[in-house]
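Topology and contacts: notes
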Amino acid sequence: MNELLIVEDDPEMQEFYKDMLQGEPYTVTLVSNADEGLKKIKEKKFDIVILDILMDGLTGDRLFAILRRDLRYKDVPVIMASALDEKTYRCFQALGNVSFLEKPFDKEKLLGEIAKRFASKK
């Protein structure tokens with residue numbers, strides 16, 4: 001089973017992800033902050049991590065940087081999801097295996113980006 005970790009602090013977005021991924025061939029773990037996300041990543045191997053960017057405490061972009069510096073996680077595909085536009089985070093593309101979803105997005109865009117990330121793992 002394909003394992004997804006979603007790090008999202010907004011309860012409405014958490015529900016959106018649950019609704020959009022229900023019935024899809026993924027096991028989804030949802031956490032509400034980046035500290036919890038880092039803890040989960042250390043406990044279990046995930047195939048893809050979806051990160052909100054703007055969160056209190058450890059932010060999604062900081063968590064992404066932490067993952068890319070750690071050899072155990074540097075190749076895990078990441079999808080950054082934010083209301084900020086992609087241009088704001090282009091610098092992260094140099095760190096590899098990352099894509100962006102600008103909020104709001106629909107189910108097709110979400111599933112398409114997940115499919116691209118799985119394809120990039122092959």
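Preceding block: the structure.
Note that residues are indexed from 1 along each chain, following the sequence as it is written. Local features are withheld for residues below a pLDDT of 70 in this predicted model, meaning they are given only at 70 or higher, and side-chain atom pairs are given and counted only at 80 or more; totals for whole chains, interfaces and linings count all residues. Only hydrogens and water are set aside; all other atoms, that is, all heavy atoms of the structure, feed into the side-chain values.

1. Comments concerning the environment of S82
Threshold: Numbering goes from the N terminus for both helices and strands, where a helix is a DSSP run of H or I of at least four residues and a strand is a run of E of at least two. Only protein chains enter the accessibility calculation, which uses a 1.4 Å probe; a residue whose area is less than 20% of its type maximum is buried, one above 50% is exposed, and one in between is partly exposed.
Looking at the secondary structure, you find S82 in strand β4 (residues 78-82). We classify S82 as buried; its relative accessible area is 4%. Once the C-alpha coordinates of S82 and E102 are considered, the two residues, 20 residues apart in sequence, prove to be 5.3 Å apart.

2. Focus on the pairing of strand β5 (residues 98-102)
Going by this rule: Paired strands are those between which DSSP finds at least two bridges.
Counting buried positions along β5 yields four of five residues, so the element is predominantly enclosed. With five bridges connecting them, β4 and β5 associate as parallel partners. The partner of S82 across the bridge, within β5, is E102.

3. Some points on unusual backbone geometry
P104 follows K103 through a cis peptide bond whose omega is 0°. Its location among the elements puts P104 in the loop between β5 and α4 (107-121).

4. Concerning the packing of aromatic side chains
In plain terms, the rule: Any two of the Phe, Tyr and Trp rings considered here, Trp counted by its six-membered ring, make a pair once their centres fall within 6.5 Å; the pair's planes then place it as stacked at under 30 degrees, edge-to-face at over 60, or tilted in between.
Applying the stated rule across the entire model yields four aromatic pairs. Plain terms: the ring middles of F16 and F105 are 5.4 Å apart, the flat faces sit at 75° to each other, and that makes the pair edge-to-face. With F16 in helix α1 (residues 11-21) and F105 in the loop between β5 and α4, this residue pair connects regions lying 89 residues apart in the sequence. Aromatic pair Y26 and F118: ring centres 5.8 Å apart, planes at 5°, arrangement stacked. Pair noted here: Y26 is in strand β2 (residues 26-31) and F118 is in helix α4, with a separation of 92 residues, a long-range link.

5. Quick look at a negative patch on the surface
Spelled out, the test is: In this analysis, a patch consists of residues with relative accessible area above 30% that form no salt bridge, clustered at 9 Å for like charges and at 5 Å for the nonpolar side chains Val, Leu, Ile, Met, Phe, Trp and Tyr. With residues, only the protein chains shown are counted as cover, and all accessible areas are computed by Shrake-Rupley using a 1.4 Å probe. For this analysis, a salt bridge means a side-chain nitrogen from Lys or Arg found within 4 Å of a carboxyl oxygen belonging to Asp or Glu. For the charge count, each Lys or Arg is scored as positive and each Asp or Glu as negative, with His and the chain ends excluded. Charged side chains are reduced to one point each, which is NZ for Lys, CZ for Arg, CG for Asp and CD for Glu.
On the surface, D9, D10, E12 and D56 cluster together into a patch of negative charge. Structurally, D9 can be placed in the loop between β1 (2-7) and α1.

6. A word on the nonpolar core
What counts here: We define a nonpolar core as any set of buried Ala, Val, Leu, Ile, Met, Phe, Trp, Tyr and Cys residues linked to one another through side-chain atoms lying within 4.5 Å. Contacts are assigned to residue pairs with any non-hydrogen atoms lying within 4.5 Å of each other.
If you look at the biggest cluster of nonpolar residues, it comprises 21 residues, and the most contacted ones within it are V7, V49, L63 and V78. Mapped onto this core, the elements with two or more residues apiece are β1, α2 (34-43), β3 (48-52), α3 (60-69), β4 and β5. The contacts of V49, once residues within four sequence positions are left out, are L5, I41, V76, P77, V78 and I79. In terms of nonpolar packing, the next biggest core, distinct from the first, is built from 17 residues, F16, Y26, I79 and F105 among them.

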